[in-house]
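# Report on the structure
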There are 2 protein chains.
Amino acid sequence: MVYTDGAAPGNGKAGACGGVGVWFGADDPRNVSERLAGPLQTNQRAELTAILRALQLVNLDSPIEIRTDSQYSIDCVTKWYASWVKKGWKTAGGTPVKNADLVKAIRDLMENREAKGTITILTKVVGHSGDYGNDQADRLAVLGAQLPALDEKGLGE
Amino acid sequence: MVYTDGAAPGNGKAGACGGVGVWFGADDPRNVSERLAGPLQTNQRAELTAILRALQLVNLDSPIEIRTDSQYSIDCVTKWYASWVKKGWKTAGGTPVKNADLVKAIRDLMENREAKGTITILTKVVGHSGDYGNDQADRLAVLGAQLPALDEKGLGE
RNA sequence: CGACACCGGAUUUU
DNA sequence: AAAATCCGGTGTCG
């Protein structure tokens, strides 16, 4: 069981900062609190990246339940994905699917796991409703969003 | 120049009590300290009601500057109101606008005043920052919240 | 039209 | 430190 969450202060505005949070448990060394990579700093990319990180951190043989409050992310990798593959990653409106890179990466891992017979479950939790695990993931995501951007060229100036 | 404020001890909890404060000046007979009417006892209704009271107490011909710490109230009657009228009092999210009764009542008075060429200004003050007038209005609001509910049927038991 | 987030702002309170 | 009252905006999809 893992909780994932994304944060994005200033979402939709110039200068937004994405943060990724993954919470396996108290003091679990696999917990993640990191800054979102890349130039597109949006809430959706942060949420998807958190799910991707969770999958990268568990063994292919270990069943997992990922709990997220992002219905969008769940739908991307469980419902909408199939028709996107058929239609060449085009939206119902004909426009290119956004965040396709992340969706594909998550699907790859899910299918690797499925090929091994390993269970992967995505569960929806209501955000900010006193769910302890979700709150912890949120905390980690907010913290991660405050870290410096990753695409800096200089190393410590 | 009038200061208005609302109070609502227990805001959001069952049994919350709304109080309305309007301060024209020291010992001014128009000063108001009253219990919020109706079943919805929230901070926002208290703030809006205080503004409504202020407008009801000044002559249509008298210019007025109302000072409140409620950015919400100011935005309701100066910014958001126009789009709400257009969209049938629906929120940006499609839900019905809350406290529409109070917003409409205030707008009615403002437009009556405007039709007469009378100036009405809403000014934002920072709450609890040593602003004397705001503190006085706050005092009156807190006092008002302690009065018995208005929808009691018996008159003084 | 629907859904879930992400955010920004101001207050009211405990 | 944490909850409730209220709003608008973007991110994304069917």
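Residues numbered from 1 in each chain as written. Chains lettered and ligands numbered in written order. Predicted model: local features only at pLDDT ≥ 70, side-chain atom pairs only at ≥ 80, totals over all residues. Heavy atoms only, no water.

Another aspect to go through is the overall build of chain A. Scanning chain A for helices and strands turns up 4 helices and 5 strands. Relative to a compact globule of 157 residues, whose C-alpha radius of gyration would be 15 Å, chain A shows 16 Å and is just as compact. Taken over 157 residues, chain A has a buried fraction of 42%. Once local pairs closer than 6 in sequence are excluded, the contacts in chain A between residues at least 24 apart make up 65%. (Helix = DSSP H or I, 4+ residues; strand = E, 2+ residues; numbered from the N terminus. Rg over C-alpha atoms; globule rule 2.2 N^0.38 Å. Buried < 20%, exposed > 50% of the residue type's maximum accessible area, 1.4 Å probe, protein only. Contact = heavy atoms within 4.5 Å.)

Here, the residues flagged by UniProt with the feature "domain: RNase H type-1" (unreviewed entry) are residues 1–146 of chain A. The distance separating the terminal C-alpha atoms of residues 1–146 of chain A is 26 Å; by composition the span is 42% helix and 17% strand. (UniProt positions renumbered as here; feature names shortened; annotations may be inferred.)

A word on the sheet that holds strand 2 (residues 19–23) of chain B. All names here are of chain B. If you walk across this open sheet you meet the 5 strands as 3-2-1-4-5, and the pairing is mixed. Bordering the open sheet on either side are strand 3 (32–35) and strand 5 (120–124), each of which pairs with just one other strand. Here the average twist between neighbouring strands, direction ignored, is 20 degrees. Judged from the 5 bridges that link them, strand 1 (residues 2–7) and strand 2 form a sheet pairing that is antiparallel. Paired with T4 across the two strands is V22, which belongs to strand 2. (Pairing = 2+ DSSP bridges. Axes fitted to C-alpha atoms, helices over the stretch in contact; angles between N-to-C directions.)

Okay, the sheet that holds strand 2 (residues 19–23) of chain A next. All names here are of chain A. Judged by pairing direction, the sheet is mixed, and its 5 strands sit side by side in the order 3-2-1-4-5 without closing on themselves. Only two strands of the sheet have a single neighbouring strand rather than two, namely strand 3 (32–35) and strand 5 (120–124). For this sheet the average axis-to-axis angle between neighbouring strands, irrespective of direction, equals 20 degrees. Relative to strand 3, strand 2 runs antiparallel, the two being bridged by 4 bridges. Of the residues in strand 3, the one forming a bridge with G21 is S33. Contacts between helix 1 (residues 43–57) and the sheet are confined to strand 1 (2–7), strand 2, strand 3, strand 4 (64–68) and strand 5, with strand 1 contributing the most and set at about 150 degrees to the helix.

In this section: the packing of aromatic side chains. All names here are of chain A. Counting across every chain of the model gives 12 aromatic pairs over all chains. Ring centres 5.9 Å apart and planes at 45 degrees place the aromatic pair W84 and W89 in the tilted group. The exposure class of W84 is buried, given its relative accessible area of 9%. Given a relative accessible area of 16%, W89 falls into the buried group. An aromatic cluster is present here, built from Y72, W80, Y81, W84 and W89 joined pairwise through their rings. The ring of W89 has K104 sitting right over it, with the charged end atom 4.9 Å from the ring centre. (Phe/Tyr/Trp six-rings, centres within 6.5 Å; stacked < 30°, edge-to-face > 60°. Lys NZ or Arg CZ within 6 Å of the ring centre and 35° of its normal.)

Around DNA strand D sit 26 residues in total, of which A:T42, A:Q44, B:T42, B:Q44 and B:W84 are the nearest. Sugar plus phosphate: this is where 80% of the atoms of DNA strand D within 4 Å of the protein reside. One of the side-chain N or O atoms of A:Q44 is found 2.6 Å from a base nitrogen in DNA strand D. A distance of 3.0 Å separates a phosphate oxygen of DNA strand D from a polar atom in the side chain of B:N99. Listed by contribution, the elements that provide at least two residues to the surface near DNA strand D are helix 1 and helix 2 (71–86) of chain A together with helix 1 (43–57) and helix 2 (71–86) of chain B. A per-class count over the surface near DNA strand D returns 10 nonpolar, 14 polar and 2 charged. (Near = heavy atom within 4 Å. Polar contact = N/O pair within 3.5 Å; in protein donor to acceptor, adjacent residues only side chain to side chain. Nonpolar A, V, L, I, M, F, W, Y, C, P; charged D, E, K, R; others polar.)

Further remarks concern the pattern of salt bridges. All names here are of chain A. Enumeration over the complete set of coordinates arrives at 12 salt bridges over all chains. Close ionic contact of D61 with K116 constitutes a salt bridge, the shortest N to O distance being 3.6 Å. Of this pair, D61 sits in the loop between helix 1 and strand 4 while K116 sits in the loop between helix 3 (100–115) and strand 5, and the two are 55 residues apart along the sequence. (Salt bridge = Lys/Arg side-chain N within 4 Å of Asp/Glu carboxyl O.)

It is worth spelling out the protein's contact with RNA strand C at this point. Residues in close proximity to RNA strand C total 32 residues, the closest being A:E47, A:D69, A:Q71, A:G127 and B:Q71. Backbone atoms, meaning sugar plus phosphate, form 92% of the atoms of RNA strand C positioned within 4 Å of the protein. A:G10 is positioned such that a nitrogen or oxygen atom in its backbone is 3.3 Å from a sugar or linking oxygen of RNA strand C. Note that a base oxygen of RNA strand C is positioned 3.2 Å from one of the side-chain N or O atoms of A:N11. Taken together, the elements giving at least two residues each to the surface near RNA strand C come down to strand 1 and helix 1 of chain A together with strand 1 and helix 1 of chain B.

Before going further, it helps to examine the nonpolar core. If you look at the biggest cluster of nonpolar residues, it comprises 30 residues, and the most contacted ones within it are A:V22, A:L55 and A:I106. Those elements that provide at least two residues to this core are strand 2, helix 1, strand 4, helix 2 and helix 3 of chain A. With residues near it in sequence (within four places) discarded, A:V22 still touches A:V2, A:Y3, A:T4, A:N31, A:V32, A:A50, A:R53, A:A54 and A:L140. With 29 residues, the next largest nonpolar core counts B:V2, B:F24, B:W89 and B:L102 among its residues. (Core = buried A, V, L, I, M, F, W, Y, C linked by side-chain atoms within 4.5 Å.)

Residue and element names in this part refer to chain B. With 14 residues, helix 4 (residues 132–145) should cover 20 Å at 1.5 Å per step; its first-to-last C-alpha distance of 20 Å lies within 8% of that length. Residues of helix 4 that are buried: G133, N134, Q136, A137, D138, L140, A141, G144 and A145. Where helix 4 begins, the capping side chain belongs to D131, and its oxygen is found 3.1 Å from the backbone nitrogen of G133. (Expected span 1.5 Å × (residues − 1).)

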